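Read off the chains here:
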Amino acid sequence: MALFRRRRSQQSESAVAVDEFWRQWPEFRTALAASVDNGTPPPEDVAERVSQAVARIHPDLNWEVSTAPRDADSGLGGLGDLGLDDDTDPGRLMARMAALDDPLASLENGSTHALVLTAGPDDQARVLTERWARAAPEEPGWRFFPALPADPERLGRTTRWDDHEFDLAHSSVSMRVDQRRSKVEVGVYHPDFMFVSEETRAGLADHVVMLALGEDDYVRWVGRTEPLVEKPLDPLPPTSIPSVVSQLSGALGGWVTLQGRVPLRGVIEIAVRHPLHRRDFPALTLYAHVVLPYAASDGDRLPTEPSTTALEEFATGLRTLLGDNGALLAQQTAGGQRQFYFYIDPDSGVMADFEAAVRDWGEGRAVVQSRLDPEWQTIEQLLRPIRGQLER
């Protein structure tokens, strides 16, 4: 058994910067709230200090302050409109459902202002925005988002972009689904595009799609956004983008199992989440590799009952223990043992309990090894040939 020892985070400088941001937060919040309430930009000195504090977390991060969107908890992954994944703690699920039953709940909580950090396509910067959001204090009247949330109401309003006023209610889109790449290509039309530069068109087109989907789903599912100077033949409102993406993600979502025979090793069975995006679990940067031998197997040394049920129930127990602090991304079965590829939040403190739970396996000596892997290099190596087969 490889015992887990807590490592010093490679993101220690950023962790200090996150702590420093929240220490300074009381100095920012009043001026930022007033700017939202008055519909004016934050004071220059305050904006400069916020920008400096954000840049210390990661130099490529941007920020914005606004009214909190009413449906900001919605999402397309896992449990759909609840914005939860399959590993979510049942108590959190019930709380979210209760909030949905009471549409006034968010108003009663006074969450009218939103502070958002945006990482764009940079997955490593997105890890840090997640750390920032998880460290946020309980602040009446505020919500803190680690990525730009979807805000479809703003698609019916006027926005200022590069010194031009655009009424987004006049925008429309065309879409093409690339099934092989599991991506959506979006064309965005606005009648005022003919009067502005290509750079402004491109920026506003991205902005429209981002408002429709939110930043994370934009990165997950949008392959390309193109500004259009001619209206599409079959124009759709931008608010239709989430339904198309939801159909794509729903058709692909789940687990994919592949089986093959490898010389000298025999039959190998691999099950992986598909599709899997780094954005699905931004905080999970600690790779934990669990190996469980099993007692009952067939001629190919794949598990049979009662070991099959025991393995499934044991994995379910580990996932329940981790809750939002970890996820099982893949498993591989061959040669009388099953290997599990877990990723865990190293700052959650759950690893000691996880390791103790693994030791309770009753069909042989279990092994767990762990190391920091913020770029998901291990799971990417496993998935690369599998994705190649799925995209053919």
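Predicted model, so just to flag it, every value in this text is computed and none were measured.

Analysis parameters
- Residues numbered from 1 in each chain as written.
- Predicted model: local features only at pLDDT ≥ 70, side-chain atom pairs only at ≥ 80, totals over all residues.
- Heavy atoms only, no water.
- Helix = DSSP H or I, 4+ residues; strand = E, 2+ residues; numbered from the N terminus.
- Buried < 20%, exposed > 50% of the residue type's maximum accessible area, 1.4 Å probe, protein only.
- Contact = heavy atoms within 4.5 Å.
- Areas by Shrake-Rupley, 256 points an atom, 1.4 Å probe, with all protein chains shown as cover.
- Core = buried A, V, L, I, M, F, W, Y, C linked by side-chain atoms within 4.5 Å.
- Domains from an automatic or database assignment.
- Arc of directions from axis to C-beta.
- Pairing = 2+ DSSP bridges.
- Axes fitted to C-alpha atoms, helices over the stretch in contact; angles between N-to-C directions.
- Parallel < 35°, antiparallel > 145°, perpendicular 65-115°, else oblique.
- Left-handed = near helix turned anticlockwise from the far one by under 90°.
- Nonpolar A, V, L, I, M, F, W, Y, C, P; charged D, E, K, R; others polar.

Q: Can you help me understand the overall build of the protein in this one?
A: Along the protein, the regular secondary structure elements total 11 helices and 14 strands. A total of 392 residues make up the protein; the buried ones form 47% of that total. Considering only contacts in the protein between residues 6 or more positions apart, those separated by 24 or more positions represent 70%. Accessible surface, the protein as shown: approximately 19,600 Å² in total, 49% of it carbon and sulfur.

Q: What exactly am I supposed to notice about the nonpolar core here?
A: One recurring pattern in soluble globular proteins is that nonpolar side chains are buried together. Core analysis: the largest hydrophobic core is formed by 28 residues, its most contacted members being V186, V188, V209 and I241. Elements with a minimum of two residues in this core: β2 (113–118), β7 (183–189), α6 (198–213), α7 (215–221) and α8 (241–252). Considering every element that reaches this core, the biggest residue donor is α6, with 8 residues. Residue-level mapping places this core at the junction of two domains, with at least three residues from each of domain 1 (9–69 + 112–149) and domain 2 (152–248). Sequence-distant contacts of V188, that is, excluding residues within four places in its chain, are made with S172, V173, F193, A205, V208, V209, T225, E226, P227 and L228. Ranked by size, the runner-up nonpolar core spans 27 residues in total, among them V54, V65, W142 and F144.

Q: Which parts of the structure should I look at to understand helix α10 (residues 351–358)?
A: Every α-helical turn comprises 3.6 residues, leaving residues that sit three or four positions apart pointing alike. Among the residues making up α10, those that are buried are M351, F354, E355, A357 and V358. In an axial view of α10, the angular spread of the buried residues amounts to 160°, which keeps them on one side of the axis.

Q: In this structure, what is going on with the pairing of β2? I would like to understand it.
A: The side chains of a regular strand alternate, first on one face of the sheet and then on the other. Taking burial as the measure, the 6 residues of β2 include 6 buried ones, the bulk of the element. Burial along β2 is two-sided: the residues H113, L115 and L117 and A114, V116 and T118 are all buried. In this structure, strand β1 (residues 62–67) lies alongside β2, joined through 6 bridges in antiparallel fashion. Residue pairing for β2: V65 is matched across the bridge by L115. Bridging between β2 and strand β3 (residues 142–145) involves 4 bridges; their strand directions are parallel. Note that in β3 the partner of V116 across the bridge is F145.

Q: Would you take a moment to explain the packing of helix α1 (residues 12–38) against helix α2 (residues 44–57) for this structure?
A: Think of two packed helices as two axes; the pair is described by the angle between the axes and how far apart they sit. Between α1 and α2, the shortest axis-to-axis distance is 9 Å and the interhelical angle comes to 165°. One finds that α1 runs roughly antiparallel with respect to α2. Handedness of the crossing formed by α1 with α2: left-handed. Residues S14, A17, V18, F21, Q24, E27, F28, A31 and L32 of α1 touch α2, and the partners they reach there are V46, R49, V50, A53, V54, R56 and I57. Considered class by class, the residues forming the contact of α1 with α2 number 11 nonpolar, 2 polar and 3 charged.

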